[in-house]
Amino acid sequence: MVTVNKNYLKLPGSYLFSTIAKKVAAYQEANPDVQIVRLGIGDVTQPLAPAIINALHKSVDEMANAETFHGYAPDLGYEFLRSAIAKNDYEARGCDIHADEIFVSDGAKSDSGNIQEIFGIENKVAVCDPVYPVYVDTNVMAGRTGAYNTKRENFDGVIYMPCLEENGFLPEFPTETPDLIYLCFPNNPSGAAITKDKLQEWVDYANKNGAVIIYDAAYEAYITEENVPHSIYECEGARTCAIELRSFSKNAGFTGVRLGFTVVPKELIREGVALHDLWARRHGTKFNGAPYIVQRAGEAVYSPEGKAQLKEQVAYYMKNAHTIYNGLKEAGYSVSGGVNAPYIWLKTPNNMSSWDFFDYLLENAHVVGTPGSGFGAHGEGFFRLTAFGSYENTQEALRRIKAL
Ligand code: MLT
């Protein structure tokens with residue numbers, strides 16, 4: 001008789017964004033005439049930039065000829081893309097990262113879920129609270145946690161680092177020393193950014209304790225402040241303690257195209273084993289490469305036209321961020337985020353629970369956001385709005401919220 005992976009049974013309910021999608025679909029079905037504005041999931045709305053579309057067309061045509069056709073991509077990604085990443089994302093920022101330390105993938109969600117596989121099951125995991133649910137859920141699935149604690153509304157055996165108003169939504173060193181530390185900056189969901197000095201403290205802490213930081217920098221394109229690092233490798237000593245995850249979804253609109261990469265420096269060694277070799281082995285065995293046409297589209301992100309067009313696209317979303325931030329402030333909400341990130345994090349009014357505020361906003365303003373408690377127990381009483389809508393929809397959402 002087959003048995004199932006019982007760790008999956010520890011997970012309460014469905015994935016956060018699936019739950020929200022179901023709720024919204026049910027509401028729309030019951031109220032077919034209502035125009036819902038969706039500022040829930042952080043999904044982009046603007047079309048791909050012309051430089052990217054051109055690269056896609058060109059590479060699709062290459063696939064129509066035997067001489068230029070491409071089959072399986074190299075396991076770790078095409079050299080043209082890995083070199084473009086190394087040069088533009090790292091060398092240009094003074095980071096010592098090389099093309100052969102970059103692993104191209106189909107996106108940061110898969111990488112952030114899969115990366116835990118190369119670590120032992122006994123490792124203690126630390127996460128921010130609130131947190132992007134993938135880091136926790138995948139460790140639960142792997143059996144690296146205890147059961148779901150209904151009283152605390154989180155998992156036994158996980159080190160949660162509360163990120164609250166009092167600490168500027170930044171984690172503090174936990175009392176129990178973790179092995180694996182997930183950090184995401186600029187942060188999803190709170191939109192908080194970490195300064196280079198503060199991140200340096202985490203790098204030093206990890207090196208001192210032999211821990212590994214899994215640094216999710218999916219939102220780095222939205223950084224506007226000088227003292228905020230775009231990569232953890234801007235910090236000294238990060239090569240011996242950090243893995244970085246990057247995405248093309250938010251900076252270039254690839255949510256439906258799928259492309260990302262993970263950086264594993266060759267100096268990152270634990271128990272005498274190079275984590276680079278383990279991730280290469282995992283990638284080679286379980287992944288057959290991101291599509292050629294998509295990697296060519298990724299290369300176009302780094303072309304002069306691509307860079308100029310994407311700068312405008314990011315500015316477009318940041319204008320939405322400012323619209324939401326300022327609009328909520330004017331309406332009397334307590335707001336943060338939105339300066340170095342496309343997320344605005346607000347306190348629910350009148351001590352409403354996050355889910356009550358979700359229902360209230362959906363029913364009265366027909367606006368969808370994401371309940372803070374969906375990201376963790378310490379997200380309770382907060383709510384996230386994304387800047388990834390169209391400008392018109394964003395303005396409309398704010399008009400409705402202000403009218404409540
Ligand atoms: C979010 O809304 O938190 C993100 O869009 C989800 C993701 O990037 O997978």
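Cut-offs and rules
Residues numbered from 1 in each chain as written. Predicted model: local features only at pLDDT ≥ 70, side-chain atom pairs only at ≥ 80, totals over all residues. Helix = DSSP H or I, 4+ residues; strand = E, 2+ residues; numbered from the N terminus. Rg over C-alpha atoms; globule rule 2.2 N^0.38 Å. Buried ≥ 20, exposed ≤ 12 C-beta atoms within 10 Å, placed from the backbone. Contact = placed C-beta atoms within 7 Å. Axes fitted to C-alpha atoms, helices over the stretch in contact; angles between N-to-C directions. Parallel < 35°, antiparallel > 145°, perpendicular 65-115°, else oblique. Core = buried A, V, L, I, M, F, W, Y, C linked by C-beta atoms within 7 Å. Domains from an automatic or database assignment. UniProt positions renumbered as here; feature names shortened; annotations may be inferred. Pairing = 2+ DSSP bridges. Right-handed = clockwise from strand over helix to strand, strands pointing away. pLDDT = per-residue confidence, 0-100. Near = placed C-beta within 6 Å. Nonpolar A, V, L, I, M, F, W, Y, C, P; charged D, E, K, R; others polar. Expected span 1.5 Å × (residues − 1). Arc of directions from axis to C-beta.

Enquirer: An account of the overall build of the chain is requested, with residue identities and associated values reported.
Expert: Assigned secondary structure in the chain consists of 12 helices and 17 strands. Its C-alpha radius of gyration of 21 Å places the chain within 12% of the 22 Å reference for a compact globule of 404 residues. Expressed as a percentage of the 404 residues in the chain, the buried residues total 46%. Of the contacts made within the chain by residues no fewer than 6 positions apart, 73% connect residues no fewer than 24 positions apart.

Enquirer: I'd like a description of the packing of helix H10 (residues 304-330) against helix H12 (residues 391-403), backed by residues and values.
Expert: Relative to each other, H10 and H12 sit at 5 degrees, their axes nearing to 10 Å. Considering their axes alone, H10 and H12 lie roughly parallel with respect to each other. Along the contact surface, H10 presents Tyr316, Lys319, Asn320, Thr323, Ile324, Gly327 and Glu330, while H12 presents Tyr391, Thr394, Gln395, Leu398, Ile401 and Lys402.

Enquirer: Go over the nonpolar core, please, and point to the residues and values.
Expert: Ranked by internal contacts, the top residues of the largest apolar core, which has 115 residues, are Val127, Ile213, Ile243 and Ile344. By residue number, the principal contributor to this core is H10, which donates seven residues. Residue-level mapping places this core at the junction of two domains, with at least three residues from each of domain 1 (6-47 + 306-403) and domain 2 (53-304). Ignoring sequence-local partners within four residues, the contact set of isoleucine 213 consists of Ile181, Leu183, Trp202, Ala206, Ile232, Cys241 and Ala242.

Enquirer: Kindly report on the UniProt feature "binding site: substrate" (unreviewed entry) in the chain, identifying the contributing residues and their values.
Expert: In the numbering adopted here, UniProt assigns the feature "binding site: substrate" (unreviewed entry) to Tyr15, Gly42, Lys109, Tyr132, Asn188, Asn288 and Arg384. Across 370 residues of sequence, these annotated residues are also dispersed in space, with a maximum C-alpha separation of 35.3 Å. Counting through the fold element by element, asparagine 188 comes out in the loop between strand E7 (180-184) and helix H6 (196-209). Asparagine 188 sits in the buried class, given 26 other C-beta atoms within 10 Å. Locating arginine 384 in the fold gives a position in strand E17 (residues 382-386). Sequence-distant contacts of arginine 384, defined by excluding residues within four places in its chain, comprise Pro189, Tyr343, Trp345, Gly369, Thr370 and Gly372.

Enquirer: Residues and numbers for the pairing of E7, please.
Expert: Most of E7 sits inside the fold, with five of its five residues counted as buried. Along E7, one buried face is formed by Leu180, Tyr182 and Cys184 and the opposite face, lined by Ile181 and Leu183, is buried too. Where E7 meets strand E8 (residues 212-216), five bridges bridge the pair, whose relative direction is parallel. Residue pairing across strands places leucine 180 opposite valine 212, the latter belonging to E8. One crossover worth recording links E7 to the parallel E8 by way of H6, and it is right-handed.

Enquirer: I'd love a proper account of the sheet that holds strand E16 (residues 370-371), names of residues and values included.
Expert: Consider a sheet: its strands pair through backbone hydrogen bonds, and that pairing is either parallel or antiparallel. Read across the open sheet, the four strands follow the order E13-E14-E17-E16; overall the sheet is antiparallel. Edge strands, defined here as strands with exactly one partner in the open sheet, are strand E13 (335-337) and E16. With three bridges joining them, E13 and strand E14 (residues 343-347) adopt antiparallel strand pairing. Opposite serine 336, over in E14, you have tryptophan 345 as the bridge partner.

Enquirer: I'd like a description of the confidence of the model for the chain, backed by residues and values.
Expert: Confidence along the chain averages 97 in pLDDT terms, with 100% of residues attaining 70 or more. Reported confidences for the modelled complex are a pTM of 0.97 and an ipTM of 0.93.

Enquirer: Quick rundown of the UniProt feature "modified residue: N6-(pyridoxal phosphate)lysine" (unreviewed entry) in the chain? Include the residues and the values.
Expert: Taken from the UniProt record, the annotation "modified residue: N6-(pyridoxal phosphate)lysine" (unreviewed entry) applies to Lys250. In contact with lysine 250, other than residues within four places in its own chain, are Val44, Ala218, Tyr219, Ala221 and Pro342.

Enquirer: If you had to explain unusual backbone geometry to someone new, which residues and values would you point to?
Expert: Residue proline 186 follows phenylalanine 185 across a cis peptide bond; omega there is -10 degrees. Take proline 186: it is sitting in the loop between E7 and H6. Cis geometry is adopted by the peptide bond preceding proline 189, which originates at asparagine 188 and carries an omega value of 15 degrees. Mapping proline 189 onto the fold places it in the loop between E7 and H6. With a phi angle near 60 degrees, phenylalanine 169 is a residue other than glycine that sits in the positive phi range. Positionally, phenylalanine 169 belongs in the loop between strand E6 (158-162) and E7.

Enquirer: Got a sec to walk through the site of the ligand? Specific residues and values, please.
Expert: Around the ligand sit Ile41, Gly42, Asp43, Lys109, Tyr132 and Asn188, and those are all the residues in its vicinity. Across the shell around the ligand, the residue classes tally to two nonpolar, two polar and two charged.

Enquirer: Give a description of helix H2 (residues 50-62) that names residues and reports values.
Expert: Taking 1.5 Å of rise per residue, the 13 residues of H2 would be expected to cover 18 Å, and the 18 Å separating its terminal C-alpha atoms lies within 8% of that figure. When we look at burial in H2, the residues that qualify are Ala51, Ile52, Ala55 and Ser59. Buried residues of H2 fall within an arc of 95 degrees about the axis and therefore sit on the same side. In H2, the exposed positions that point more than 90 degrees away from the buried face belong to Pro50, Val60 and Asp61.

Enquirer: Any details on the pairing of E14? Residues and values, ideally.
Expert: E14 sits mainly inside the fold: four of its five residues count as buried. Taking the residues that link successive antiparallel strands as the turn, the E13-E14 hairpin has five residues, and the phi of glycine 338 there is positive, at about 75 degrees. Where E14 and E17 come together, five bridges link them in antiparallel fashion. Note that in E17 the partner of tyrosine 343 across the bridge is threonine 386.

Enquirer: Could you give me a rundown of the domain arrangement of the chain, with the residues and numbers involved?
Expert: A common way to state how big an interface is: give the accessible area lost once the parts meet. Segmenting the chain into domains produces domain 1 (6-47 + 306-403) and domain 2 (53-304). With 36 residues of domain 1 at the interface, the matching set in domain 2 holds 45 residues. Within the residue set of the side of domain 1 that touches domain 2, elements represented by two or more residues are H10, E13 and E14. By residue number, the principal contributor to the side of domain 1 that touches domain 2 is H10, which donates seven residues. Residues that form the side of domain 1 that touches domain 2 fall into these classes: 18 nonpolar, 14 polar and four charged.

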